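The lines below spell out each chain.
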Amino acid sequence: MSVKPPGASCDPSNPPIRPEPAYANQMSAAEQRAGIDLTNLDQPLSPDAGATKRDLVDYLDAVADRMLPGLVGRPLTVLRVLRGSAPFMQKNVPKYTPDWVRTVPIWAESSQRMVHYPLCDDRRTLLWLANQRAVEYHPTLGLADNVYRPTHLVLDLDPPAENDFTAVVNVAHLVRQALADCDLAGAVKTSGAKGLHVFVPIDDSAPVEDVAAATRALAARAEALDPDSATTAFIVEDRAGKVFVDATRAGGATVAAVYSPRLRPGTPVSFPLDWSDLDRINPGDFTVHTAIDALSGCDPWADSMPEPQCLPGDLIEQGRTIPVARVAAMHEGKRRARARRARDN
């Protein structure tokens, strides 16, 4: 299947970790690229992935030049899937990591320890991670020298049902309108799962608290444009079948990188789109098998990304009046639990 890229145009917490083993009877499936010994390439990624480790490596190698700009200098969390084991998110690099893989130490308050994140700064590191069966790539929104200073404001649009992508598209247009109403612009991509990500590049004039506030305000403004379709309710049972406009991607948060594969049936990838083409695509159109042809030699993410913008003061001020969703949800959950206990007694 060959998919023409919508809008693409060109000018001419760690579980036990072990390395991916190489068995003698599978060495015929081994090769070397960029100095990396690639092994067990004919093994499937998962029972329903519809892709082998070779498909993963080939895809990542082909998109490396486009994908790396979104990874360079950013602490990286990967989702790995080892044969016979459940998938797991890996932040801390394993002990066998080569010395040439750059890492950055960041203190983890939750676990009270230093976590050494990898920095995927080049093709060699990307291929090494792929050989470790790292399928998904989730960089921080901030660079390693200040991980809590996001370079992009991000809104994550999550459908109420697995296959209700049309509803997500409708809300994406609301988000775009909310951005335009305050003279901002963003780029959009599939999440690689069931929703969309809207990225708004921002300059360094606003501290992280103001970026988070502006994100909440934009979500609220999109919701206000059509409250029957969009919601900012953090508690799932309060969403009433509406698309969730998630404004919690701020601070040290991560998000699936553009072009990153996702460990889902068919191995879809997070793919950049043109706003005008949202209505005619489906996230499943873009997989490790189809995305390269869909790109047609272009980099639509780089082409569609606006220059960094200054966040308007009124947007930030509005956001300061909106409670942080996770905190509000925690307090609301406790209130409801107390009410249930009182009712039961």
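Predicted model only: the values in this text are computed from it and were never measured.

(A) Up close: the pattern of salt bridges. Enumeration over the complete set of coordinates arrives at 13 salt bridges. Residues Asp 277 and Arg 280 are paired through a salt bridge, measuring 2.7 Å at the closest nitrogen-oxygen approach. Residue classification places Arg 280 among the exposed positions, given a relative accessible area of 52%.

(B) Region of the structure containing unusual backbone geometry. Positive phi, normally seen in glycine, also occurs at Asn 40, with a value near 55 degrees. Within the secondary structure, Asn 40 sits in the loop between strand S2 (36-38) and helix H1 (53-67). The backbone phi angle of Ser 296 is positive, close to 50 degrees, even though this residue is not glycine. With respect to the helices, strands and loops of the structure, Ser 296 is situated in the loop between helix H5 (291-295) and helix H6 (300-304).

(C) Seen up close, the sheet that holds strand S8 (residues 152-158). Sheet architecture is open: six strands sit in the order S11-S12-S8-S10-S9-S13, paired in mixed fashion. Unpaired on one side and paired on the other, strand S11 (230-231) and strand S13 (272-273) mark the two borders of the sheet. Here six bridges tie S8 to strand S10 (residues 196-201), and the two strands are oriented antiparallel to one another. Pairing of Asp 156 across the sheet is with His 197, part of S10. Packed on one face of the sheet, helix H3 (residues 165-181) meets S8, S10, S11 and strand S12 (243-246) and runs near 15 degrees to S10. Along the sheet, helix H4 (residues 208-225) contacts S8, S11 and S12; its crossing angle with S8, the most-contacted strand, is approximately 40 degrees.

(D) Spotlight on the pairing of strand S9 (residues 187-190). Side chains Ala 187 and Lys 189 of S9 all project onto a buried face; the interleaved residues Val 188 and Thr 190 project onto the opposite face, where all are buried too. Judged from the four bridges that link them, S9 and S10 form a sheet pairing that is antiparallel. Looking at the pairing, Lys 189 lines up with His 197 of S10. Taking the residues between adjacent antiparallel strands as the criterion, S9 and S10 are bridged by five residues, where Gly 192 takes a positive phi near 90 degrees.

(E) Quick peek at the environment of Asp 314. With respect to the element layout, Asp 314 can be found in helix H7 (residues 313-320). Each C-alpha atom of the pair Asp 314 and Ala 214 lies 8.8 Å from the other, and the pair is 100 residues apart in sequence. A polar atom in the side chain of Asp 314 sits 3.4 Å from the side chain of Arg 221.

(F) Representation of the packing of H3 against H4. The contact between H3 and H4 brings their axes to 8 Å, and the two run at 115 degrees. As for the relative orientation of H3 and H4, their crossing is right-handed in sense. Of the residues in H4, those in contact with Leu 174, Val 175, Gln 177, Ala 178 and Leu 179 of H3 are Leu 218, Arg 221, Ala 222 and Leu 225. Across the contact of H3 with H4, the residue classes break down as seven nonpolar, one polar and one charged.

(G) The packing of aromatic side chains, seen in detail. Enumeration according to the criterion identifies five aromatic pairs in this entry. A centroid spacing of 6.4 Å and a plane angle of 55 degrees characterise the contact between Tyr 96 and Trp 128, whose relative ring orientation is tilted. Residue Tyr 96 is located in the loop between strand S4 (88-90) and strand S5 (103-108), and its partner Trp 128 is located in helix H2 (residues 123-131); the two are separated by 32 residues in the primary sequence. Under the relative-accessibility criterion, Tyr 96 is labelled partly exposed at 28%. Here Phe 271 and Phe 286 contribute two aromatic rings whose centre-to-centre distance is 4.1 Å and whose plane-to-plane angle is 5 degrees, an arrangement assigned as stacked. Of this pair, Phe 271 sits in the loop between S12 and S13 while Phe 286 sits in the loop between S13 and H5, placing them 15 residues apart in sequence.

(H) Local environment of the environment of Pro 283. Counting through the fold element by element, Pro 283 comes out in the loop between S13 and H5. Spatially, the C-alpha atoms of Pro 283 and Thr 190 are 6.1 Å apart, while their sequence positions differ by 93 residues. Leaving out residues up to four positions away in the same chain, Pro 283 has contacts with Phe 165, Thr 190, Ala 193 and Pro 268.

(I) A look at H1. For H1, with 15 residues, the first-to-last C-alpha span of 18 Å runs short of the 21 Å given by 1.5 Å per residue. Along H1, the largest kink reaches about 35 degrees and is centred on Asp 61. Against the buried residues of H1 lie strand S1 (31-33), S2, H2, strand S7 (134-139) and H5.

(J) Layout of the pairing of strand S6 (residues 113-118). One ladder, built from six bridges, connects S5 with S6; its direction is antiparallel. From the neighbouring strand, Thr 103 faces S6, where its bridge partner is Pro 118. Connecting S5 to the antiparallel partner S6 that follows it, the hairpin turn spans four residues, and Gln 112 within it adopts a positive phi of roughly 55 degrees.

(K) Molecular detail of the side chain of Ser 270. Structurally, Ser 270 is set in the loop between S12 and S13. Its relative accessible area of 0% is what places Ser 270 among the buried residues. Of the polar contacts made by the side chain of Ser 270, one reaches the side chain of Lys 189; its length is 2.7 Å. For Ser 270, the side chain forms a polar contact with the main-chain oxygen of Thr 190, separated by 2.5 Å. In contact with Ser 270, other than residues within four places in its own chain, are Lys 189, Thr 190, Ser 191, Gly 192, Ala 257, Val 258, Tyr 259 and Ser 260.

About the cut-offs
- Residues numbered from 1 in each chain as written.
- Predicted model: local features only at pLDDT ≥ 70, side-chain atom pairs only at ≥ 80, totals over all residues.
- Heavy atoms only, no water.
- Salt bridge = Lys/Arg side-chain N within 4 Å of Asp/Glu carboxyl O.
- Buried < 20%, exposed > 50% of the residue type's maximum accessible area, 1.4 Å probe, protein only.
- Helix = DSSP H or I, 4+ residues; strand = E, 2+ residues; numbered from the N terminus.
- Pairing = 2+ DSSP bridges.
- Contact = heavy atoms within 4.5 Å.
- Axes fitted to C-alpha atoms, helices over the stretch in contact; angles between N-to-C directions.
- Polar contact = N/O pair within 3.5 Å; in protein donor to acceptor, adjacent residues only side chain to side chain.
- Left-handed = near helix turned anticlockwise from the far one by under 90°.
- Nonpolar A, V, L, I, M, F, W, Y, C, P; charged D, E, K, R; others polar.
- Phe/Tyr/Trp six-rings, centres within 6.5 Å; stacked < 30°, edge-to-face > 60°.
- Expected span 1.5 Å × (residues − 1).
- Bend = angle between axes of the 7 residues up to and from the residue.

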